[in-house]
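Fold and geometry: a report
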Amino acid sequence: TGQNIVVCNTEQGLWCDNSHQSNGMCLNYEVRFCCDECTSWTRWFDSDNPSLTSDYEALHVLRPEYPGEICDAPSAIEARVVGTHVDASQTGEIFAFYNPVQGFACGNEDQDDGSCLDYEVRFCCDPGNTDVITG
């Protein structure tokens, strides 16, 4: 790019400082990290439809609804829009949480248009992580 990058590594990410650029402005960068690929995904779960307040696909709700189908400590989560399969990260929506410990939640009040799309989630349950929580 010809730009002076202050930091670019897997521990700190990317840092471009405008004051280090000849034109005084950094380009708009995206960063992607490569992690170990999941080899064992659950099926897709969609327990909630967008309501007056949110679309809520939380682990503590999914486990009792789908007993024995989600391991005790998922290592990753993916969320996508139901029907179109657009990755949640590509929708521009803001999420209340989106992680393998809590699951996924999108709050209507956080969206510019006042409503969340309908999402479905799946979890990575690596081989050897076969213990399940049923409720």
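Details of the structure are given in the entry above.
Summarised in this report is the structure supplied together with it.

Strand order in the open sheet formed by three strands is E3-E6-E5, and the pairing between neighbours is antiparallel. Sheet topology places strand E3 (54-58) and strand E5 (97-99) at the edges, where each strand pairs with a single neighbour. Strand-to-strand twist across the sheet, computed as the mean angle between neighbouring axes with direction ignored, equals 15°. Note: E3 against strand E6 (residues 103-107), five bridges, orientation antiparallel. Note on E6: the bridge partner recorded for glutamate 57 is phenylalanine 104.

This brings us to the environment of serine 115. For serine 115, the location among the structural elements is in the loop between E6 and strand E7 (119-124). We classify serine 115 as partly exposed; its relative accessible area is 34%. Separated by 64 residues in sequence, serine 115 and serine 51 place their C-alpha atoms 8.4 Å apart. Apart from the residues within four sequence positions on either side, serine 115 is in contact with Glu93 and Asn108.

Right, let's get into the environment of tyrosine 56. Structurally, tyrosine 56 can be placed in strand E3. In this structure the C-alpha to C-alpha distance between tyrosine 56 and phenylalanine 97, which are 41 residues apart in sequence, comes to 9.6 Å. Sequence-distant contacts of tyrosine 56, defined by excluding residues within four places in its chain, comprise Ser47, Asp48, Val61, Phe97, Phe104 and Ala105.

A word on the pattern of salt bridges. Applying the stated criterion across every chain, the model contains three salt bridges. One salt bridge in this structure joins glutamate 69 and arginine 43, with 2.7 Å as the shortest N-O distance. With glutamate 69 in the loop between helix H1 (59-65) and strand E4 (76-81) and arginine 43 in the loop between strand E2 (13-16) and E3, this residue pair connects regions lying 26 residues apart in the sequence. A salt bridge links arginine 122 to glutamate 78; its shortest N-O distance comes to 2.8 Å. With arginine 122 in strand E7 and glutamate 78 in strand E4, the pair connects residues that are 44 residues apart, well separated along the chain.

This brings us to the state of the cysteines. Per the stated rule, a full pass over the model turns up four disulfides. Put simply, cysteine 38 and cysteine 124 are joined by a disulfide, and their sulfur atoms are 2.0 Å apart. Measuring handedness by torsion sign, the sulfur bridge of cysteine 38 and cysteine 124 sits at about 100° and is right-handed. Of this pair, cysteine 38 sits in the loop between E2 and E3 while cysteine 124 sits in strand E7, placing them 86 residues apart in sequence. Judged by relative accessible area, cysteine 38 falls into the buried class, the value being 12%. Put simply, cysteine 71 and cysteine 125 are joined by a disulfide, and their sulfur atoms are 2.2 Å apart. Across the S-S bond of cysteine 71 and cysteine 125 the torsion is about -85°, and the bridge reads as left-handed.

What counts, and at which threshold
- Residues numbered from 1 in each chain as written.
- Predicted model: local features only at pLDDT ≥ 70, side-chain atom pairs only at ≥ 80, totals over all residues.
- Heavy atoms only, no water.
- Pairing = 2+ DSSP bridges.
- Helix = DSSP H or I, 4+ residues; strand = E, 2+ residues; numbered from the N terminus.
- Axes fitted to C-alpha atoms, helices over the stretch in contact; angles between N-to-C directions.
- Buried < 20%, exposed > 50% of the residue type's maximum accessible area, 1.4 Å probe, protein only.
- Contact = heavy atoms within 4.5 Å.
- Salt bridge = Lys/Arg side-chain N within 4 Å of Asp/Glu carboxyl O.
- Disulfide = S-S within 2.5 Å.

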